[in-house]
Amino acid sequence: MKRTIDNIIGRNIRNLRIKNEVKQNTLACELNMRRQTISAYERGITLPDIYSLIDIADYFNVTLDELAGRNRKE
């Protein structure tokens, strides 16, 4: 049984996808991935590599910090 990881990135991908009314299949096709890969990211089964993170951030026009849920304290 696979253990899920802290899933901030996956939740953010899902939230962006829903906010922008994009289906998993559509996102996967646009990023040349399988729908199951997007699902695994969203469920916290796997994490996207840095190249996939960049592609996802570019697709939704957000920064990598936003996608990763990183808030820099000043």
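Preceding this section is the structure that the text describes.
Note that this is a predicted model, so its numbers are computed, not measured. Per chain, residues are indexed from 1 in the order of the written sequence. Per-residue local features of the predicted model are confined to residues with pLDDT of at least 70, and side-chain atom pairs are confined, for both listing and counting, to 80 or more; whole-chain, interface and lining totals are unaffected and use all residues. Water and hydrogen atoms play no part in the side-chain values, which are based on all heavy atoms of the structure.

> Quick rundown of the overall build of the protein chain? Include the residues and the values.
When its secondary structure is counted, the protein chain shows five helices and zero strands. Sequence-ordered secondary structure for the protein chain, helices as α and strands as β, is α-α-α-α-α. For each residue, the accessible area found with a 1.4 Å probe, counting protein chains only, is set against the maximum for its type, and the residue is called buried under 20%, exposed over 50%, and partly exposed in between. Evaluated residue by residue, the protein chain yields a buried proportion of 36% over its 74 residues. Excluding contacts between residues fewer than 6 apart, the proportion of contacts in the protein chain whose partners are at least 24 apart in sequence is 63%. Put simply, DSSP H or I for four residues or longer makes a helix, DSSP E for two residues or longer makes a strand, and each gets a number counted from the N terminus. For this analysis, residues touch if any pair of their heavy atoms sits within 4.5 Å.

> Which residues make up the nonpolar core, and what values go with them?
Grouping buried Ala, Val, Leu, Ile, Met, Phe, Trp, Tyr and Cys residues that are joined through side-chain atoms within 4.5 Å yields what is termed a nonpolar core. Among the nonpolar cores identified, the biggest contains 16 residues, and Ile-13, Leu-27, Ile-56, Phe-60 and Leu-67 are the most heavily contacted of them. At the level of secondary structure, the elements contributing two or more residues to this core comprise helix H1 (8-19), helix H2 (24-30), helix H3 (35-43) and helix H4 (50-60). It is H4 that contributes the most residues to this core, four residues altogether. Among all residues touching Leu-27, those that are not within four sequence positions of it are Ile-13, Arg-17, Val-22, Ile-38, Tyr-59 and Phe-60.

> I'd love a proper account of the pattern of salt bridges, names of residues and values included.
What counts as a salt bridge is simple: a side-chain nitrogen of Lys or Arg found within 4 Å of a carboxyl oxygen of Asp or Glu. In total, this model carries two salt bridges according to the counting rule given. A salt bridge links Glu-42 to Arg-17, with the shortest nitrogen-to-oxygen separation between them at 2.6 Å. Taken together, the positions of Glu-42 in helix H3 and Arg-17 in helix H1 put the pair 25 residues apart, joining distant regions of the chain. Judged by its relative accessible area of 10%, Arg-17 is buried.

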